[in-house]
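# Descriptive structure summary
Here's the letter readout for the chains.
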Amino acid sequence: MRKSPGENSTAGKPRRGRGEVGEGRNLGQPAERGRAEAGIDEGRRWLVGAAAVSALVLAPGVSLIAYAEAAGRRAAGASSKTRWGLLIDTTKCKASCSVCVAACSSYNGWKNEGRPTDPQWIRKVQVSDPKTGFSRSVPVMCQHCGNAPCVEVCPTGASFKRADGIVLVDRHICIGCRFCMMACPYKARSFISENLTNQKPWAPRGKGTVEGCTLCVPRIDAGKIPACVEACSREGGGAMTFGNLKDPQSAIRRALAEYPAAQLRADLMLDPGVRYRGL
Amino acid sequence: MRDRPVILGALALLLVILSAPFWRGALAQTHGASPVIPAAKGAHCVRPVAWMRKNHMKLLMRLRYEAVHEGIRHKEESLPGCMNCHVSRLADGKYPSVTSRKFFCNACHDYVGVRIDCFSCHSNRPDVPYQAAEAMSRTLPVAREGRAATVVTARAARASSALSQGQERRWSSPLWRSQ
């Protein structure tokens, strides 16, 4: 999360210690210097001492100037004071429109060409009640459940929930077992079975791992809204609202307080972060 | 004693043979077989170069954990940040291939026989188009809400105190815990 300038000053000071400690431990090597000095006769000791002092004074000083700037820009990260959620107004979502899917695909660099194994971070689903003929087209993606079954079943801890409620796959430790795909009642995850090239720098993805909607986590960490929500408000029906479910003043909470909104498969009691109005 | 020249000659020959790898390396340096490290664009690295040569993998491991699990992302201190500075177009206008020695990471990794699989998932190019797109896109006011300064400082203090004790961060993932 990008911080306001006020937060910068509070986070910068303690964090700056990291660089200094790292340099001191690995470059200064006071313990080794001590051992080396032990074998040197008294007459020349001052030379070594002077060299050590000048190294201690000069080297960290130079690097401090160079790295202080970088250390001051530490970001805050995900906080449990936030729970990110989506509200989808299905009355505004047209069956013919799929800009959310296109925006997700182009931002995250995945392509669905209709093959059964193709990725589907987000897809348009036509839901209908055969008894009444009531029908709606809704976007379905990872519901970022409070009690996520994919996290429960993951044998390596790769499937996890961030402090701010975003359910992700750490693909560094994903072994591609696909238990999470079996566990997810929303079919929100897909498996990459082929080698990929030209991935987006902000959306790494590769063969042998499971992937799904990340709620555009690099954008959220940069203080922006997910690509699908932005595209829907700009080119679509403005059906998607993104916000903090824990903040009673947020637009999403005010809308949820005013109108009834359904959870998909509410009977499973997964506490999804995505709600649907008008279903 | 008549054998002395023979013995000395044999010893000299042995010495030459034994030191052949050294001479080969020393001679090869003038012929470009040692790693040719592509120049970076920035003024300085995010850490001192000598430290990075030894410890870049540790830094990358920590940054990767912070970015994926804690959402702490840095522009410069990140793999895309490394790519932004260390990867440039070649003379033909293309970016170097991941398998080529002209690719920054490969210049040394190839030389020392270390194989990395970072780039089977991660992009090996600068993310210049992304920065341009992000600059144009809308900012989110709610994203800044609910992030009290106390949370920031507590997290930062915890991180700096753990490091000042000379420890690397212990990861909270089960895989890391088992090690």
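Predicted model only: the values in this text are computed from it and were never measured. (Residues numbered from 1 in each chain as written. Chains lettered and ligands numbered in written order. Predicted model: local features only at pLDDT ≥ 70, side-chain atom pairs only at ≥ 80, totals over all residues. Heavy atoms only, no water.)

## Topic: the overall build of chain B
Helices and strands together make up the secondary structure of chain B, namely eight helices and zero strands. For chain B, the sequential pattern of α-helices and β-strands runs α-α-α-α-α-α-α-α. The burial tally for chain B puts 31% of its 179 residues in the buried class. A sequence separation of at least 24 residues applies to 56% of the contacts in chain B between residues at least 6 apart. (Helix = DSSP H or I, 4+ residues; strand = E, 2+ residues; numbered from the N terminus. Buried < 20%, exposed > 50% of the residue type's maximum accessible area, 1.4 Å probe, protein only. Contact = heavy atoms within 4.5 Å.)

## Description of the nonpolar core
Residues and elements named next belong to chain A. Counting 48 residues, the largest nonpolar core has I122, M141, L215, M240, F242 and Y276 as the members making the most contacts within it. Elements supplying a minimum of two residues to this core: β1 (84–89), α4 (99–108), β3 (135–141), β5 (167–169), α7 (217–221), α8 (227–234), β8 (240–244) and β9 (274–277). Setting aside chain neighbours within four positions, we find Y276 in contact with I88, T90, V138, P139, V140, M141, Q143, A261, A262 and L264. (Core = buried A, V, L, I, M, F, W, Y, C linked by side-chain atoms within 4.5 Å.)

## Some details on unusual backbone geometry
Residues and elements named next belong to chain A. Not every positive phi belongs to a glycine, and R178 is a case in point at roughly 70 degrees. Relative to the helices and strands, R178 is located in the loop between β5 and α6 (179–183). Residue classification places R178 among the partly exposed positions, given a relative accessible area of 37%. Positive phi is not limited to glycine here, since D271 has a value of about 55 degrees. The topology assignment puts D271 in the loop between α9 (251–258) and β9.

## A look at the confidence of the model for chain A
Residues and elements named next belong to chain A. Of the residues in chain A, 73% reach a pLDDT of 70 or more, and the chain-wide mean stands at 81. With pLDDT under 50 throughout, residues 1–40 is counted as low confidence; its partners more than four residues away or in other chains account for 77 contacts. Across residues 57–74 the pLDDT falls below 50, and counting only partners more than four positions away or on other chains, this stretch makes 31 contacts in the model. (pLDDT = per-residue confidence, 0-100.)

## What to know about the pattern of salt bridges
One pass over the full model with this rule turns up 17 salt bridges over all chains. The partner of E211(A) in a salt bridge is R171(A), with the nearest N and O atoms 3.8 Å apart. Placement of E211(A) in strand β7 (residues 210–212) and of R171(A) in the loop between β5 and α6 is noted, with a sequence separation of 40 residues between them. Judged by its relative accessible area of 1%, E211(A) falls in the buried class. Linking D221(A) and R73(B) is a salt bridge whose minimum nitrogen-to-oxygen distance equals 2.4 Å. Here the residue D221(A) occupies a position in helix α7, and R73(B) occupies one in the loop between α3 (49–70) and α4 (79–86), the pair thus bridging two chains. Residue classification places D221(A) among the buried positions, given a relative accessible area of 5%. A residue is classified by how much of its surface remains accessible, and R73(B), at 26% relative accessible area, is partly exposed. Residues participating in the shared-partner salt-bridge network are E113(A), R115(A), D118(A) and E194(A). (Salt bridge = Lys/Arg side-chain N within 4 Å of Asp/Glu carboxyl O.)

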